[in-house]
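# Structural features, examined
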Amino acid sequence: MVKLFAISVIRRPTEDPVGGRCVTLKASFDLASFGFFQRASVQEFLSFSSTTIVERTGLATRQSVKEQEYLCHVYVRGDGLGAVLVSDADYPPRVAHTLLTKVLDDVSSKVEWKMANAESLKNYKEIDIVLARYQDPKQADALTKIQAELDETKIIMHNTIEAVLERGEKLDDLVAKSDNLSAQSKMFYKTAKKTNSCCNF
Amino acid sequence: MALAKASNRSPRLTEGLNQGDAEERRCSKKKSKICTDFSENSEYADLAEKVFQDVNAAFERDELIDEFDIVPVESKANHSPVLHVASEHKLALEAWCVPYLFTHSYKSFLAVRRKQKCSLSSLISSTNPSKYGSFKASNFSESDRINRGLVLSRTLVLLNPDITMAWNFRRDFVPIVSPAILEAELRLVSLVSTRKPKCPEGFVYRRWLINQAFKNHLLLPETIGEWFPIEVKSIEIPILKYFSNYHAWSYRMWLLQKILYDQGIPLEQKLLVLESEVNCTDAWMNTQVSDYCGHHYRHKLLHLLQLTVPENSSTTHHEKFIARMKKELDQNAKQIELYEGHESLWCHRRAVMKMLLEYLADNGSDECNNSHSVIIKDLVYNEQKFVSLIISDDNVAENSKERTTLNCNHCRKYVAWTNAQFSKFNWQLSTNDFNSSQSCI
């Protein structure tokens, strides 16, 4: 299935290139394909993974992270404005990165993002439109100008989310420490981890 | 992100009483000890019976429940583990209660089944009825017992749809005599497939239901335009939930063939059904690029389209079919360009191409022969153009190199395969540049 799950725009501090508090300015989700009772946790995890990855992406860098059957595409611009797009494995990565550029161009042209927070961007609806419209990647054919630029940019590929983390960091620890995940989501994470692993006794 | 898989691969509660191994493991040690002591401890039977009644109450309150799930939560407050969101028609159980509920319903269900076989008196001596909560063997009439068996089997198939016995009980005791009953049963199967989209037993039961409905004239040929789309819609949920869901797709094929081979259904109706399926999968094909089961269905669908010839219009059918196949190849080419490196797309191309060429060879009567060779020549030209386009992509786009290379490899295999298969049609593709290969044709 070709599907987009989430797009979020995140501000990353420029002074402290490694780590630092990231602020999610705007996020949009399409969780219709998940079970009703899982949606809240899935959404929390998508936000959590998005921020985690942006925190570990350098300025002016593009990355694509594969985790199970999901792909997480990140683009952080030189000025610290970043965007994350989570899609399934079939969604063309090229189109995904094109969309990231488009979203960031749009945000920076329409919004005072340097001072903004999630509250002040409440009325900015552009991302929801992008998420709905580009579920069909053919729609992106019109964005050829961005695609041409993209071909000259290097995209770093990672095969797991663990590969993005810094030395000594573990995803389990990050999940356990996080304040943004509810107890139920953490429980979901544990269960999913157990059932997804091949043999556990 | 890891958690999203939980619904598809949540532990299977197999093998009767040893159910929920993984589920149990998840419980604390203390809890699993309680579980093994279950049969001796009627306190837990009461608890399970209470949960069981809550589930039944939810079904009674809300007939339209369309999603069931088991959610892993830690139980802290003393409240019912049955989560029912009536406004959205969703039902869920907290994971900790599942072992209790399953063991209890399974045992009670066995008792009900056993009674069916033995006489009442021998039964009372063989089981201790007080063990299973409100289930008192002595004051149970025959119909009460069947009703209890039905609600028990409903809970059982929800928790573990692989228990054939529970489905069989429903086969024996649910008379499919009215549209309302049929609808309720179909809804139950759909509900089961929201948590276990790949469960074969559910689809087998669904087939049985449709057969019964045909037999009892509940699904009439005249109203096929009404019930067929509903049935297809309900089958699309498990298809979307589980990637390459073989059981769902083969059920869909079964249903289609049942309609096409039914003598009582007029030909126009069959053509309408076929057409609606082609349109339906058309939209689906746009978003699914690696679901080979779906591609196989599509392939068979096109084959059925070829075989079902309307009366008195064999020439227009012939042209229409060739146009349809060309359109299919066009769509496929666009997808291969956009979604690089998906083998199932290439396999689908092979299948379509083979079907088209064989069709042309079989229907090559003398007067059409000329036009056929033109069509084949045209096909080879287009195919060469397409192949060269894909191959020439090999040395651009640094960022998606891996996928592009994969795509080129699939393309080369495709070229070799077609050249070998279609040699009798004068079919010769080359993997060189388009311009240089022009001279070869």
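Residues numbered from 1 in each chain as written. Chains lettered and ligands numbered in written order. Predicted model: local features only at pLDDT ≥ 70, side-chain atom pairs only at ≥ 80, totals over all residues. Heavy atoms only, no water.

Quick look at the overall build of chain A now. When you go through chain A residue by residue, the secondary structure sums to six helices and six strands. Mapped in sequence order, the helices and strands of chain A form the string β-β-α-β-β-β-α-α-α-β-α-α. Taken over C-alpha atoms, the radius of gyration comes to 16 Å for chain A, in line with the 17 Å a tight globule of 201 residues would show. For the C-alpha atoms alone, the extent of chain A along its principal axes is close to 55 × 40 × 35 Å. For chain A, with 201 residues in total, the buried portion stands at 54%. In chain A, the proportion of contacts linking residues at least 24 apart, taken out of those at least 6 apart, comes to 61%. Accessible surface for chain A amounts to roughly 9,400 Å². Of this, 53% is attributable to carbon and sulfur atoms. Across chain A, the centroid of the 27 positively charged side chains sits 2 Å from that of the 27 negatively charged ones. (Helix = DSSP H or I, 4+ residues; strand = E, 2+ residues; numbered from the N terminus. Rg over C-alpha atoms; globule rule 2.2 N^0.38 Å. Buried < 20%, exposed > 50% of the residue type's maximum accessible area, 1.4 Å probe, protein only. Contact = heavy atoms within 4.5 Å. Areas by Shrake-Rupley, 256 points an atom, 1.4 Å probe, with all protein chains shown as cover. Lys, Arg positive; Asp, Glu negative; His and termini not counted. Charge placed at Lys NZ, Arg CZ, Asp CG, Glu CD.)

A separate point is the confidence of the model for chain A. Mean pLDDT over chain A works out to 85, with 95% of the residues at or above the 70 mark. When pLDDT is averaged over each helix and strand of chain A, the minimum, 75, is found for helix α4 (residues 144-150) of chain A and the maximum, 93, for strand β5 (residues 81-88) of chain A. (pLDDT = per-residue confidence, 0-100.)

With that settled, the discussion passes to the interface of chain A and chain B. Taken together, the contact pairs 41 residues of chain A with 36 residues of chain B. At the boundary of chain A with chain B, the tally comes to three residue pairs in polar contact (both at pLDDT 80 or more). With nine residues, helix α6 (residues 183-196) of chain A is the single largest residue contributor to the side of chain A that touches chain B. When grouped by side-chain class, the residues that make up the side of chain A that touches chain B number 23 nonpolar, eleven polar and seven charged. (Polar contact = N/O pair within 3.5 Å; in protein donor to acceptor, adjacent residues only side chain to side chain. Nonpolar A, V, L, I, M, F, W, Y, C, P; charged D, E, K, R; others polar.)

Core analysis: the largest hydrophobic core is formed by 138 residues, its most contacted members being Leu99 of chain A together with Leu93, Phe228, Leu256 and Leu357 of chain B. Judged by nonpolar contacts, the second largest core, of 27 residues, contains Leu31, Ile53, Val86 and Leu171 of chain A. (Core = buried A, V, L, I, M, F, W, Y, C linked by side-chain atoms within 4.5 Å.)

On to the domain arrangement of chain A, then. Residues and elements named next belong to chain A. Here chain A is partitioned into domain 1 (4-135) and domain 2 (146-197). A C-alpha centroid distance of 13 Å is found between domain 1 and domain 2. Contact with domain 1, which involves 25 residues of that partner, is made by 29 residues of domain 2. A combined buried area of about 2,500 Å² lies between domain 1 and domain 2, and 62% of that area is made up of carbon and sulfur atoms. (Domains from an automatic or database assignment. Buried area = accessible area lost by both parts, 1.4 Å probe.)

The next subject is the environment of Asn117 of chain A. Among the structural elements, Asn117 of chain A can be located in the loop between α2 (93-110) and α3 (126-133). C-alpha of Asn117 of chain A to C-alpha of Lys26 of chain A: the two residues are 91 residues apart in sequence and 8.4 Å apart in space.

The next point concerns the side chain of Arg11 of chain A. Residues and elements named next belong to chain A. Along the chain, Arg11 turns up in strand β1 (residues 4-11). At a separation of 3.0 Å, a polar atom in the side chain of Arg11 contacts the main-chain carbonyl oxygen of Trp113. A polar contact of 2.9 Å, which involves the side chain of Arg11, links it to the backbone oxygen of Lys114. Those residues in contact with Arg11, other than ones at most four positions away along the chain, are Arg21, Cys22, Val23, Leu25, Gly80, Trp113, Lys114, Met115 and Ala116.

Glancing now at the sheet that holds β1 of chain A. All names here are of chain A. Taken in spatial order, the six strands of this open sheet run β2-β1-β5-β4-β3-β6, and their pairing is mixed. Two strands lie at the open edges of the sheet, namely β2 (23-29) and β6 (155-158), each paired on one side alone. Strand-to-strand twist across the sheet, computed as the mean angle between neighbouring axes with direction ignored, equals 15°. As judged from the seven bridges shared by strand β3 (residues 61-67) and strand β4 (residues 70-76), these two strands associate in the antiparallel manner. In the sheet register, Arg62 faces β4, and the bridge partner there is Tyr75. Along the sheet, helix α1 (residues 39-55) makes contact with β1, β2, β3, β4 and β5, crossing β1 at roughly 45°. (Pairing = 2+ DSSP bridges. Axes fitted to C-alpha atoms, helices over the stretch in contact; angles between N-to-C directions.)

One pass over the structure, following the stated rule, counts 23 salt bridges over all chains. For the salt bridge of Arg77 of chain A with Asp79 of chain A, the shortest nitrogen-to-oxygen distance reads 3.1 Å. Judged by its relative accessible area of 14%, Arg77 of chain A falls in the buried class. Sharing partners across several salt bridges, the network here consists of Glu275, Asp282, Arg298, Arg324 and Glu328 of chain B. (Salt bridge = Lys/Arg side-chain N within 4 Å of Asp/Glu carboxyl O.)

Okay, the pairing of β1 of chain A next. Residues and elements named next belong to chain A. Summarising burial for β1: eight of the eight residues are buried, a large majority. The pairing of β1 with β5 spans seven bridges and is classified as antiparallel. If you follow Ile10 over to β5, its bridge partner there is Gly82. Relative to β2, β1 runs antiparallel, the two sharing six bridges. Paired with Val9 across the two strands is Lys26, which belongs to β2.

Moving on, we get to the environment of Pro137 of chain A. Examined against the element boundaries, Pro137 of chain A turns out to sit in the loop between α3 and α4. We classify Pro137 of chain A as buried; its relative accessible area is 2%. Separated by 16 residues in sequence, Pro137 of chain A and Leu121 of chain A have C-alpha atoms that sit 26 Å apart. For Pro137 of chain A, the contacting residues outside a window of four places in its chain are Val2, Tyr91, Pro92 and Val95 of chain A together with Leu338 and Tyr339 of chain B.

Here the focus is the packing of aromatic side chains. All names here are of chain A. All told, the structure shown has 23 aromatic pairs over all chains when counted by the stated rule. Ring centres of Phe5 and Phe34 lie 5.4 Å apart, and the angle between their planes is 50°; this geometry places the pair in the tilted category. With Phe5 in strand β1 and Phe34 in the loop between β2 and α1, this residue pair connects regions lying 29 residues apart in the sequence. By the burial criterion, Phe5 is buried, and Phe34 matches it. An aromatic cluster is built from Phe5, Phe34 and Tyr70, whose rings are joined through pairwise contacts. (Phe/Tyr/Trp six-rings, centres within 6.5 Å; stacked < 30°, edge-to-face > 60°.)

Turning our attention to the state of the cysteines. Working definition of a disulfide: a covalent bond connecting the sulfur atoms of two cysteines. Residues and elements named next belong to chain B. Across all of its chains, the model carries zero disulfides over all chains by this definition. No disulfide involves Cys293; its nearest neighbouring cysteine sulfur is the one of Cys347, lying 13 Å away. Looking at Cys408, it has no disulfide partner, and the nearest cysteine sulfur is the one in Cys411, 6.6 Å off. (Disulfide = S-S within 2.5 Å.)

Let us now look at the sheet that holds strand β3 (residues 90-94) of chain B. Within a sheet, adjacent strands bond to each other through the backbone by hydrogen bonds, running parallel or antiparallel. Residue and element names in this part refer to chain B. Pairing within the open sheet is mixed, and its three strands lie in the order β1-β3-β2. Two strands in the sheet have a free side with no partner beyond their single neighbour: β1 (67-71) and β2 (82-85). Sheet twist, expressed as the average angle between the axes of neighbouring strands with direction ignored, equals 20°. Where β1 meets β3, five bridges bridge the pair, whose relative direction is parallel. Within β3, the residue paired with Glu67 across the bridge is Lys90.

Before going further, it helps to examine unusual backbone geometry. Backbone geometry at Gln68 of chain A places phi at a positive 50°, although glycine is not the residue there. Relative to the assigned elements, Gln68 of chain A resides in the loop between β3 and β4. By relative accessible area, which is 27% here, Gln68 of chain A ends up partly exposed. Not every positive phi belongs to a glycine, and His217 of chain B is a case in point at roughly 55°.

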